[in-house]
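Structural description and commentary
Each chain is listed here by its residues.
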Amino acid sequence: MSMNDVVSAERVHIGFFGCRNAGKSSLVNAITAQELSVVSDTAGTTTDPVKKSMELLPIGPVVIVDTPGFDDLGELGEKRVARTRAVLRTIDVAVLVIDVEAGVQETDRELLALIEERKVPYLIAWNKSDEHAPAVELPGVPIERQLWVSAKTGNGIKELKDAIGALAKGQQESVPLVADLIHPGDLLVLVVPIDSAAPKGRLILPQQQTIRDILDADARALVVKENELKHTLEELRNPPAMVITDSQAFKKVAADVAEEVPLTSFSILMARHKGFLELAVSGAAKLDDLSNGDKVLICEGCTHHRQCGDIGTEKLPKWLREYTGKELSLEFTSGKGFPDDVSGYELILHCGGCMLTEREVLAHMEQAAAQGTPVTNYGTAIAQMNGILKRSLSIFPDLAAQVAGR
């Protein structure tokens, strides 16, 4: 996989924040050496977050995000500010751009408080230092996090890129999907139903990433459809090291795979990769404790066109009714539409988050936990509803024991 093939959700997201006319867009253009953002002397030229996937040396594959001025005014300005807040959920490294001449504004302090609240690594870029003596600094912020730069002359740009790279380096190491659970030479069988929601001729993203992870571990991947699985297993000389299935085929696959063969799903592996599997396993217990009229939120990170048989809006509601025997009040979100207040829900069913950054998914999880709302994900919930959650977690003994102890 080349740098350009790295999906957006797996790239380090670098966001530039600040007041209108602080020079954010000019600084973005200087750092990327591209005319990524429109630049004008008119305050508020950037009206929506501008995103660009690219390779930024020495960091590697990144997404650069240029945001509107946080001090924007009026009704439209309020919407821009709200969007900036939402963008902050996705950011791995934040750069707060401050105009040296204007100095620190109250808005800058508000932004810094939000950045620190979300525990995002950040830098202060004192822009336009070519025009004014860089004598100012922000009290309370370590001096090594403050840099004096000029988008106009290029002074300090290399130093800023190096500083961003140093912060980004710590954000790039995440838990593999499956590579750490297998050995070189292992054979894994992947069960991949042909999903009508997937683009024609392509596998969905978690399946692609899992195949790549297996190959990177010097192991082997045998990909079959669910109706070919039983015959394929019978033809193998030895049992596979693991079977990984699309969650929607969990019930049939579990019946076809011998108990001694480790079995899990792409969704469960993705939850571990994104850092919320333990929370998802804990939240799945709530499925056994729902009552008539309870509100359940089904949250889909993708924005694909809903089709007949869609898992989020059709299959999961059907399975929930059958499993719980209750009349539930279901609500749905997609894309970036995760609610600010989830305290009114009894349970959240979240997708695997393959199209969302790890930080964005964890922000959803932390928000739910802070508001006392149990949360699980599609694959974990489906395993629970099919009575095979413990088995699907056999590769994670501590979590399997947690389920067995309920």
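Relevant structure appears above.
Heads up: these notes are all about the structure in this document. In this text, all values refer to a predicted model and were calculated from it rather than measured experimentally. (Residues numbered from 1 in each chain as written. Predicted model: local features only at pLDDT ≥ 70, side-chain atom pairs only at ≥ 80, totals over all residues. Heavy atoms only, no water.)

Before going further, it helps to spend a moment on the environment of Gly293. As for its placement among the helices and strands, Gly293 is situated in the loop between helix H9 (277-284) and strand E11 (295-300). Along the backbone, Gly293 and Leu328 are 35 residues apart, and their C-alpha atoms lie at a distance of 4.8 Å. The contacts of Gly293, once residues within four sequence positions are left out, are Glu327, Leu328 and Ser329. (Helix = DSSP H or I, 4+ residues; strand = E, 2+ residues; numbered from the N terminus. Contact = heavy atoms within 4.5 Å.)

We now examine the sheet that holds strand E4 (residues 93-99). Spatial strand order, E2-E3-E1-E4-E5-E6: six strands in an open sheet with mixed pairing. Both edges of this open sheet fall to strand E2 (50-56) and strand E6 (146-148), since each of them pairs with a single strand only. Recorded for the sheet is a direction-independent mean angle of 25° between the axes of neighbouring strands. Here strand E1 (residues 12-18) runs beside strand E3 (residues 60-66); their pairing, made up of five bridges, is parallel. Among the inter-strand pairings, Gly15 is bridged to a residue of E3, identified as Val65. (Pairing = 2+ DSSP bridges. Axes fitted to C-alpha atoms, helices over the stretch in contact; angles between N-to-C directions.)

For the structure on display, the rule yields twelve salt bridges. The shortest N-O distance in the salt bridge between Lys128 and Asp99 comes to 3.1 Å. Pair noted here: Lys128 is in the loop between strand E5 (122-127) and E6 and Asp99 is in strand E4, with a separation of 29 residues, a long-range link. For Asp99, a relative accessible area of 12% puts it in the buried group. (Salt bridge = Lys/Arg side-chain N within 4 Å of Asp/Glu carboxyl O. Buried < 20%, exposed > 50% of the residue type's maximum accessible area, 1.4 Å probe, protein only.)

Let us now look at the sheet that holds strand E13 (residues 347-350). If you trace the four strands from one edge of the open sheet to the other, you get E12-E11-E13-E14, paired in parallel fashion. Looking at which strands have only one partner, the edges of the open sheet turn out to be strand E12 (329-334) and strand E14 (375-377). Along the sheet, successive strands turn relative to each other by an average axial angle of 20°, direction set aside. Where E13 meets E14, three bridges bridge the pair, whose relative direction is parallel. Bridge pairing in E14 links Ile348 to Val375. Packed on one face of the sheet, helix H10 (residues 311-324) meets E11, E12 and E13 and runs near 150° to E12. Packed onto the sheet, helix H12 (residues 378-385) meets E11, E13 and E14 and runs at close to 90° relative to E14.

Now for the packing of H9 against helix H14 (residues 397-404). Direction vectors running N to C along H9 and H14 enclose 10°, while the axes themselves pass 10 Å from each other. The orientation of H9 relative to H14 falls into the category roughly parallel. You can see that H9 and H14 cross each other, and the crossing is right-handed. Judged by residue contacts, Leu277, Glu278, Val281 and Ser282 of H9 engage Leu399, Gln402 and Val403 from H14. Looking at the contact of H9 with H14, its residues break down into four nonpolar, two polar and one charged. (Parallel < 35°, antiparallel > 145°, perpendicular 65-115°, else oblique. Left-handed = near helix turned anticlockwise from the far one by under 90°. Nonpolar A, V, L, I, M, F, W, Y, C, P; charged D, E, K, R; others polar.)

Moving on to the packing of aromatic side chains. Following the criterion strictly, the structure yields zero aromatic pairs and no others. One cation-aromatic arrangement involves Arg145 over Tyr122; the distance from NZ or CZ to the ring centre is 4.7 Å. Over the face of the ring belonging to Tyr345 we find Lys295, whose NZ or CZ atom lies 4.8 Å from the ring centre. (Phe/Tyr/Trp six-rings, centres within 6.5 Å; stacked < 30°, edge-to-face > 60°. Lys NZ or Arg CZ within 6 Å of the ring centre and 35° of its normal.)

On to the side chain of Asp66. Inspection of the secondary structure assignment puts Asp66 in strand E3. One buried charged residue, Asp66, forms no salt bridge at all, with the nearest opposite charge on Lys24 at 5.3 Å. Among the polar contacts listed, one links the side chain of Asp66 to the side chain of Ser25, at a separation of 2.5 Å. (Lys, Arg positive; Asp, Glu negative; His and termini not counted. Polar contact = N/O pair within 3.5 Å; in protein donor to acceptor, adjacent residues only side chain to side chain.)

Structural measurements only, silent on function.
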